[in-house]
Amino acid sequence: MTNYLSADLHRVLHKQSFLGSVGAFSVLFAVLVFIYFNPSFTAEIYVAKVTSFLSFFPLVIGVFVFLSVYADDFKCRSMQVAIGFGMPRSRIILAKLLESALLLLGAAVAVGVLVLCAPAVLGLAPDARQTLSLALTVAAEMLRALGYLALSAVPVFLSQDAAGGVIAYVLLASKSVYIILSLVLGQEVFTATFGDLTQYLYTAQLYMAKADLIGGRAFALPFAAALLLYIILPAAVSVAGFRKQELEF
């Protein structure tokens, strides 16, 4: 699995589309700062604007990770070749998830360095709480993208076609699914019977964990449950479904 993971990472890191997405996101960040920067621009305003901007991380960068890790692999059939050489399908799925996590982490570190160093260049002095908020926002958006990748990989492995997964990922990353589910679950017919179910949505769980960390409150159990439900469980479903699929060569 290590050789397969290394080879796939080498392939993706030499793709202009993935590296270009990180570069484009950085350029958009610079444009945002240029537009809003003025003599009255404070650290508090910077944190608010950047927090909003970082919510596009899953959509701008995550979609290119998804295309590079899943769509390109099915296009060139390298996954089928690896299986033909005896690599278990479960390890293929695990390798893809780990690869996605590593690529997202690398992109998040690059964006995080840019976001945390920019205030010094701008002459701003965010306090410790504001700096922590920015760092946790980057981490939350990276995990949000990883969860969406795990969920969107399910239709990919069940159909051996990346098209459905790409559509699912874009709908998730654009928060379209989150908004629709929030509207539906927020209806009185659900809240009166089950309470506020919107708090259990993946995006809400990540943002609540971030708020708890900033406020110094316990967060480990709900956060671990969210990762289990939205990342580990979809990966297990992908494994179970992919094992039953006839490979298309």
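The sections below set out a description of the structure shown in this document. This structure is a prediction, so every number in the text was calculated from the model and none was measured. (Residues numbered from 1 in each chain as written. Predicted model: local features only at pLDDT ≥ 70, side-chain atom pairs only at ≥ 80, totals over all residues. Heavy atoms only, no water.)

Topic: the overall build of the protein chain
Consideration 1: In terms of regular secondary structure, the protein chain is built from 12 helices and 0 strands.
Consideration 2: Each helix and strand of the protein chain, placed in order from N terminus to C terminus, yields the pattern α-α-α-α-α-α-α-α-α-α-α-α.
Consideration 3: Taking 2.2 N^0.38 as the reference for a compact globule, 249 residues should give roughly 18 Å; the C-alpha atoms of the protein chain span a radius of gyration of 20 Å, in line with that estimate.
Consideration 4: A buried classification covers 43% of the 249 residues belonging to the protein chain.
Consideration 5: Averaging the locations of the 15 positively and 13 negatively charged side chains of the protein chain gives two centres separated by 4 Å. (Helix = DSSP H or I, 4+ residues; strand = E, 2+ residues; numbered from the N terminus. Rg over C-alpha atoms; globule rule 2.2 N^0.38 Å. Buried < 20%, exposed > 50% of the residue type's maximum accessible area, 1.4 Å probe, protein only. Lys, Arg positive; Asp, Glu negative; His and termini not counted. Charge placed at Lys NZ, Arg CZ, Asp CG, Glu CD.)

Things to note about the environment of M87
Consideration 1: Tracing the sequence through the fold places M87 in the loop between α5 (78-84) and α6 (89-122).
Consideration 2: Classification of M87 as buried rests on a relative accessible area of 12%.

Description of the environment of S21
Consideration 1: You can see S21 is positioned in helix α2 (residues 16-36).
Consideration 2: Overall, S21 belongs to the buried group, its relative accessible area being 2%.

Comments concerning a nonpolar patch on the surface
Consideration 1: A surface patch of nonpolar side chains, amounting to about 530 Å² of accessible area, comprises V27, V31, F34, I35 and Y36.
Consideration 2: Following the sequence through the fold, I35 ends up in helix α2. (Patch = residues over 30% accessible without salt bridge, like charges linked within 9 Å, V, L, I, M, F, W, Y side chains within 5 Å. Areas by Shrake-Rupley, 256 points an atom, 1.4 Å probe, with all protein chains shown as cover. Salt bridge = Lys/Arg side-chain N within 4 Å of Asp/Glu carboxyl O.)

Section: empty space enclosed by the protein
Consideration 1: Counting across every chain of the model gives 1 cavity of 30 Å³ or more.
Consideration 2: Taken as a whole, the largest cavity encloses approximately 50 Å³ of empty space.
Consideration 3: Sorting the residues of the lining of the largest cavity by element identifies α6, α7 (128-159) and α12 (220-243) as the ones contributing at least two each.
Consideration 4: For the lining of the largest cavity, the element with the highest residue contribution is α7, accounting for 3 residues.
Consideration 5: In terms of residue class, the lining of the largest cavity is made up of 7 nonpolar, 1 polar and no charged. (1 Å grid on protein atoms, 1.4 Å probe; cavity = no way out; pocket = protein on both sides within 12 Å on 5 of 7 lines; lining within 4 Å. Points joined across faces, edges and corners; volume = space filled by probe spheres on them. Nonpolar A, V, L, I, M, F, W, Y, C, P; charged D, E, K, R; others polar.)

Brief notes about helix α8 (residues 162-173)
Each α-helix turn comprises 3.6 residues. Residues three or four places apart therefore point the same way.
Consideration 1: Look at α8: 16 Å from first C-alpha to last across 12 residues, which is about the 16 Å you get at 1.5 Å a residue.
Consideration 2: Directly after α8, the chain includes K175, whose backbone phi takes a positive value near 70°. (Expected span 1.5 Å × (residues − 1).)

Concerning the nonpolar core
Within soluble globular proteins, side chains that are nonpolar generally end up buried alongside one another.
Consideration 1: Grouped together as the largest cluster of nonpolar side chains are 61 residues, with contacts concentrated most on Y46 and F57.
Consideration 2: In this structure, F57 is in contact with F25, G62, L104, A107, A108, V111, E141 and M142, ignoring residues within four places of it in sequence. (Core = buried A, V, L, I, M, F, W, Y, C linked by side-chain atoms within 4.5 Å. Contact = heavy atoms within 4.5 Å.)

What about the packing of helix α11 (residues 202-214) against α12?
Consideration 1: With their axes 10 Å apart at the nearest point, α11 and α12 run at an angle of 155° to one another. Taken together, the axis directions place α11 and α12 in an arrangement best described as roughly antiparallel. Two packed elements cross with a definite hand, and for α11 against α12 that hand is left-handed. Contact residues: Y202, Q205, L206 and A209 in α11; P222, F223, A226, L227, Y230 and I231 in α12.
Consideration 2: Across the contact of α11 with α12, the residue classes tally to 9 nonpolar, 1 polar and no charged. (Axes fitted to C-alpha atoms, helices over the stretch in contact; angles between N-to-C directions. Parallel < 35°, antiparallel > 145°, perpendicular 65-115°, else oblique. Left-handed = near helix turned anticlockwise from the far one by under 90°.)

Some remarks on the pattern of salt bridges
For side chains of opposite charge, pairing can occur when their charged atoms come near one another.
Consideration 1: On inspection of all chains with the given rule, the structure shows 1 salt bridge.
Consideration 2: A salt bridge links R144 to E141; the shortest N-O distance between them is 2.7 Å. Of this pair, R144 and E141 both sit in helix α7, separated by 3 residues, roughly a single helical turn.

Description of the packing of aromatic side chains
Consideration 1: Considering all chains together, one arrives at 11 aromatic pairs under this definition.
Consideration 2: The interplanar angle of 70° and the centroid separation of 5.9 Å between the aromatic rings of F37 and F41 together place this pair among those described as edge-to-face.
Consideration 3: Taking 6.3 Å as the distance between ring centres and 90° as the angle between the ring planes, the aromatic pair formed by F41 and Y46 counts as edge-to-face.
Consideration 4: When its relative accessible area of 1% is taken as the criterion, Y46 is described as buried.
Consideration 5: Connected via pairs of aromatic rings, a cluster forms that spans F66, Y70, Y148, F157, Y169, Y202 and Y230. (Phe/Tyr/Trp six-rings, centres within 6.5 Å; stacked < 30°, edge-to-face > 60°.)

Description of the packing of helix α1 (residues 2-13) against α6
Consideration 1: For the pair α1 and α6, the least separation of the axes is 10 Å and the interaxial angle reads 40°. With respect to α6, the element α1 is oriented oblique. In the crossing of α1 with α6, the sense of the turn from one axis to the other is right-handed. For the pair formed by α1 and α6, the contact residues are Y4, L5, D8, L9, R11, V12 and L13 on the first element and I92, A95, K96, L98, E99, L102 and L103 on the second.
Consideration 2: Of the residues in the contact of α1 with α6, the class split is 10 nonpolar, no polar and 4 charged.

The values are spatial; any link to function lies outside them.
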